[in-house]
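# Coordinate analysis (summary)
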Amino acid sequence: MREKILNILLMVGLLIITAMALLPLLNIDGSWMRWLFAAGALMVLVVRVMECSPVDNLRINRLHRINIISALLFCASAVMFWYKGETEWSTNWVAFLMAGAALLMYVSFAIDHEQRRIARKGGNK
């Protein structure tokens, strides 16, 4: 039950991040967007910290830690999104967002590949 709740919170957080990142492309701006983006990033970070690796495989454990780094990149993007337009360094919020998304995609595929490899081998090496 706990895992199901964490998965739902993760999906909601990622959807909020995606929606708030796309709205500036449509010339929609508001302070409420910054609050929601930050809330979504924080939600993803909390879920990633709370979820535990279900196997004793060292590679999968490392990939789960990379998931936490991805969530931290989303939070860094939220900080820069909050100060959007006020300083020169804050215009790079999209770069941090894309870096977090790239890590998230890599880890998703790598965990799936590793779990299939373990199932094929019949062990956890």
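The coordinates are above.
What this report covers is the structure whose coordinates are included nearby. Residue positions are given per chain, counting from 1 as you read along its sequence in written order. Reporting in this predicted model follows two pLDDT cut-offs: at least 70 for local features of residues, and 80 or more for side-chain atom pairs to be given and counted; totals over whole chains, interfaces and linings ignore these cut-offs and use all residues. Based on all heavy atoms of the structure, the side-chain values leave hydrogens and waters out of the count.

### Side note on the pattern of salt bridges
Here, a salt bridge means any Lys or Arg side-chain nitrogen found within 4 Å of an Asp or Glu carboxyl oxygen. Scanning all chains against the criterion turns up four salt bridges. Linking Glu114 and Arg59 is a salt bridge whose minimum nitrogen-to-oxygen distance equals 2.9 Å. You can see Glu114 sitting in helix H4 (residues 93-121) and its partner Arg59 sitting in helix H3 (residues 58-82), a full 55 residues away along the chain. For the exposure calls, accessible area comes from a 1.4 Å probe over protein chains only, and a residue counts as buried if that area is under 20% of its type's maximum, exposed if over 50%, partly exposed in between. Judged by its relative accessible area of 34%, Arg59 falls in the partly exposed class. Per the convention used, a helix needs a DSSP run of H or I reaching at least four residues, while a strand needs a run of E reaching at least two, with both numbered from the N terminus.

### Structural notes on the packing of aromatic side chains
Any Phe, Tyr or Trp ring, taking Trp's six-membered ring, that has another such ring centre within 6.5 Å forms a pair; planes under 30 degrees apart are called stacked, those over 60 apart edge-to-face, and the others tilted. The full count for this structure, using the stated rule, is three aromatic pairs. On the basis of an interplanar angle of 45 degrees and a centroid distance of 4.9 Å, the ring pair of Phe37 and Phe81 is categorised as tilted. Of this pair, Phe37 sits in helix H2 (residues 31-50) while Phe81 sits in helix H3, placing them 44 residues apart in sequence. A relative accessible area of 0% places Phe37 in the buried class. With relative accessibility at 1%, the residue Phe81 sits in the buried group. Here the aromatic cluster, defined as three or more aromatic residues joined through ring pairs, consists of Phe37, Phe81 and Trp93.

### Regarding helix H1 (residues 2-22)
Under the convention used throughout, the expected extent of a helix is 1.5 Å for every residue step, that is, one less than its residue count. Taking 1.5 Å of rise per residue, the 21 residues of H1 would be expected to cover 30 Å, and the 30 Å separating its terminal C-alpha atoms lies within 8% of that figure. Within H1, the full set of buried residues consists of Leu6, Leu10, Gly13, Leu14, Ile17, Met20 and Ala21. Take H1 and look down its axis: the buried residues cluster within an arc of 135 degrees, on one side only. Set apart from the buried face of H1 by more than 90 degrees, the exposed residues are Lys4 and Leu15. Contacts were defined at the residue level, with two residues in contact if any of their heavy atoms lie within 4.5 Å. Here the buried face of H1 lies against H2, H3 and H4. By construction, the arc corresponds to the directions joining the helix axis to the C-beta atoms.

### Here's the deal with the packing of H2 against H3
Contact geometry for H2 and H3: axes closest at 9 Å, N-to-C directions at 165 degrees. On the basis of the axis angle, H2 is roughly antiparallel to H3. The way H2 lies across H3 gives a crossing that is left-handed. Residues Ser31, Met33, Arg34, Trp35, Phe37, Ala38, Ala41, Leu42, Val44, Leu45, Arg48 and Val49 of H2 touch H3, and the partners they reach there are Asn67, Ile68, Ala71, Leu72, Phe74, Cys75, Ser77, Ala78, Phe81 and Trp82. All axes here are fitted lines through C-alpha atoms, helices being fitted over the stretch that makes contact, and every angle between N-to-C directions spans 0 to 180 degrees. With respect to orientation, any angle under 35 degrees is reported as roughly parallel, any angle over 145 as roughly antiparallel, any angle of 65 to 115 as roughly perpendicular, and every other angle as oblique. For any helix crossing, the convention is left-handed if the near helix is rotated counterclockwise from the far helix by under a right angle, and right-handed if that rotation is clockwise.

### Here we look at the nonpolar core
In terms of nonpolar packing, the biggest core is built from 22 residues, with Ile17, Phe37, Val44, Phe74, Trp93 and Leu97 touching the most fellow members. Elements represented by at least two residues in this core include exactly H1, H2, H3 and H4. Once residues lying within four places of it in the same chain are set aside, the contact partners of Ile17 are Phe37, Gly40, Ala41, Val44, Phe74 and Leu97. The nonpolar core is taken to be a set of buried Ala, Val, Leu, Ile, Met, Phe, Trp, Tyr and Cys residues, with the residues joined through side-chain atoms within 4.5 Å.

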